[in-house]
Amino acid sequence: MDSTKKFYNPSPEESASWLNKLFFCWVLPFLKLGYQKDLQVQDIYNTTKSDLSQPLGDILERSWNEEVLRAQKSGKHPSLKRAIWKTIGKSYMFIGFLIFLNTFLIKMSQPIVLGRYIKYFEKNSTHDATTGWLLGSGVILLAFLNMVATHYTIINCLRVGMRVRIACCSLIYRKLLRLNHISSGKIAAGQLVNLLSNDVVRFDFALAFLHYIWIMPLQGIAGLIVMYGYIQNAAFPTMLVMSIQAVLGQGCLSKLQGRFRGKIATLTDQRVKLMSEITSGIQVIKMFAWEKPFEKIVDISRRKEVNMIARNSYIRGFSSALNIFVERATLYIAVVSYALLGNRITGRRGLSPISN
């Protein structure tokens, strides 16, 4: 009997309702079972049909063949990006629409409702207790909806990235099976190992944040409108600093990280290729006592790779520190700009200029 049929367990999508999937309640029985005993193979959920490598590879291969035909007619090189977009475009844009709604309807509403809630506690406030309860409930409800929507969209973006990764790995494997002996000999095994184990993982991370390329400019405009309602003209230098940090700071750092990432991939391919060649010829190396020279070669190759990884890590750490610094710096610039424009700093909205 087939083991997959013998130990078949329904997948989370097949056994859970949309409510369970939204709040991830399907994992609770699985955690309870793991608490009671050690998990076995038959206790683990089967892969859903939409996440299997064969159907995903078939869909991407069909899109790639169409892209190749289109490129031959137009005289251009086929684009893997366009083939991937044809495969995941509709589902990925639907997730982007949900992220857009979360960004504008929920996240942008949080500071507005919180500001009104803080204003409710002023001494000269004329609102009744019902308004205070509604505003307080709104602050809690918006935070809860933001948490649910953020986790739901992120997990679906990661899942789409996982599907792209699986489909690309499936195409690479199919291509290797079709190569003749001469063509396969020209491809280093280390390069393939690095490609399948390291490079394709970038799809998982890239698709989780790709939608913010078009969402953030719109969110910046909406944020400028909200800030202008509170601090008037002081909102413009504040948004200018945030734009400079996003475009020049994060943009240049990301481009530099991508450049280092390409060098790291090249050095990793060379190191894995070198180790593969040494492993295949280990008998000759041992016979002629060449361990020390080859150890030195491997050490030099690995040291170059580690040095490049260290540079990339420094840039990543500086980028993370810059994000934390900008949050405080923008608040400081907003307050200083508001004061320099002749306004009095108080805790109330609708501030009047300082009288001479």
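Calculation rules
- Residues numbered from 1 in each chain as written.
- Predicted model: local features only at pLDDT ≥ 70, side-chain atom pairs only at ≥ 80, totals over all residues.
- Heavy atoms only, no water.
- Helix = DSSP H or I, 4+ residues; strand = E, 2+ residues; numbered from the N terminus.
- Contact = heavy atoms within 4.5 Å.
- Areas by Shrake-Rupley, 256 points an atom, 1.4 Å probe, with all protein chains shown as cover.
- pLDDT = per-residue confidence, 0-100.
- Buried < 20%, exposed > 50% of the residue type's maximum accessible area, 1.4 Å probe, protein only.
- Patch = residues over 30% accessible without salt bridge, like charges linked within 9 Å, V, L, I, M, F, W, Y side chains within 5 Å.
- Salt bridge = Lys/Arg side-chain N within 4 Å of Asp/Glu carboxyl O.
- Lys, Arg positive; Asp, Glu negative; His and termini not counted.
- Charge placed at Lys NZ, Arg CZ, Asp CG, Glu CD.
- UniProt positions renumbered as here; feature names shortened; annotations may be inferred.
- Core = buried A, V, L, I, M, F, W, Y, C linked by side-chain atoms within 4.5 Å.

(A) How the structure looks around the overall build of the chain. When its secondary structure is counted, the chain shows 15 helices and zero strands. Long-range contacts, defined here as pairs at least 24 residues apart, represent 71% of the contacts in the chain between residues at least 6 apart. Of the roughly 24,300 Å² of accessible surface on the chain, a fraction of 65% belongs to carbon and sulfur atoms.

(B) Expanded view of the confidence of the model for the chain. Considering every residue of the chain, the mean pLDDT works out to 80; 88% of them sit at 70 or more. Across residues 349-356 the pLDDT falls below 50, and counting only partners more than four positions away or on other chains, this stretch makes 12 contacts in the model.

(C) Representation of unusual backbone geometry in the model. If you check the backbone angles, glutamine 232 has positive phi at about 55 degrees while not being a glycine. Topologically, glutamine 232 is positioned in the loop between helix 12 (212-231) and helix 13 (235-280). A positive phi angle, near 55 degrees, is found at alanine 289, a position not held by glycine. In this fold, alanine 289 is placed in the loop between helix 14 (282-287) and helix 15 (291-340). Taking relative accessible area as the criterion, alanine 289 reaches 53% and is therefore assigned exposed.

(D) Summary view of the side chain of threonine 103. For threonine 103, the location among the structural elements is in helix 6 (residues 80-107). Among the residues examined, threonine 103 registers a relative accessible area of 1% and is labelled buried. Other than its neighbours up to four places away in sequence, threonine 103 contacts Met108, Ile215 and Gln219.

(E) Structural context of a positive patch on the surface. A contiguous patch of positive charge, built from Lys255, Arg259, Lys263 and Arg311, is present on the exposed surface. Here the positive patch takes three residues from helix 13, the largest share from any one element. Residue placement: lysine 255 occurs in helix 13.

(F) View of the UniProt feature "transmembrane region" (unreviewed entry) in the chain. Feature annotation in UniProt assigns "transmembrane region" (unreviewed entry) to the following positions: residues 91-113, 133-155 and 205-228. A distance of 33 Å separates the end C-alpha atoms of residues 133-155, which is 100% helix and 0% strand. Secondary structure across residues 205-228 comprises 92% helix and 0% strand; the distance between its end C-alpha atoms is 34 Å.

(G) Main features of the nonpolar core. If you look at the biggest cluster of nonpolar residues, it comprises 18 residues, and the most contacted ones within it are Leu60, Ile84, Ile88, Cys157, Val160, Val164 and Leu207. If you list the elements that add at least two residues to this core, you get helix 5 (53-74), helix 6, helix 8 (129-178) and helix 11 (202-209). No other element matches helix 8, which puts seven residues into this core. Excluding residues within four positions of it along the chain, leucine 207 makes contact with Ile88, Tyr92, Cys157, Val160, Gly161 and Val164. Within the second largest apolar cluster, eight residues are counted, among which are Phe260, Ile264, Leu267 and Ile315.

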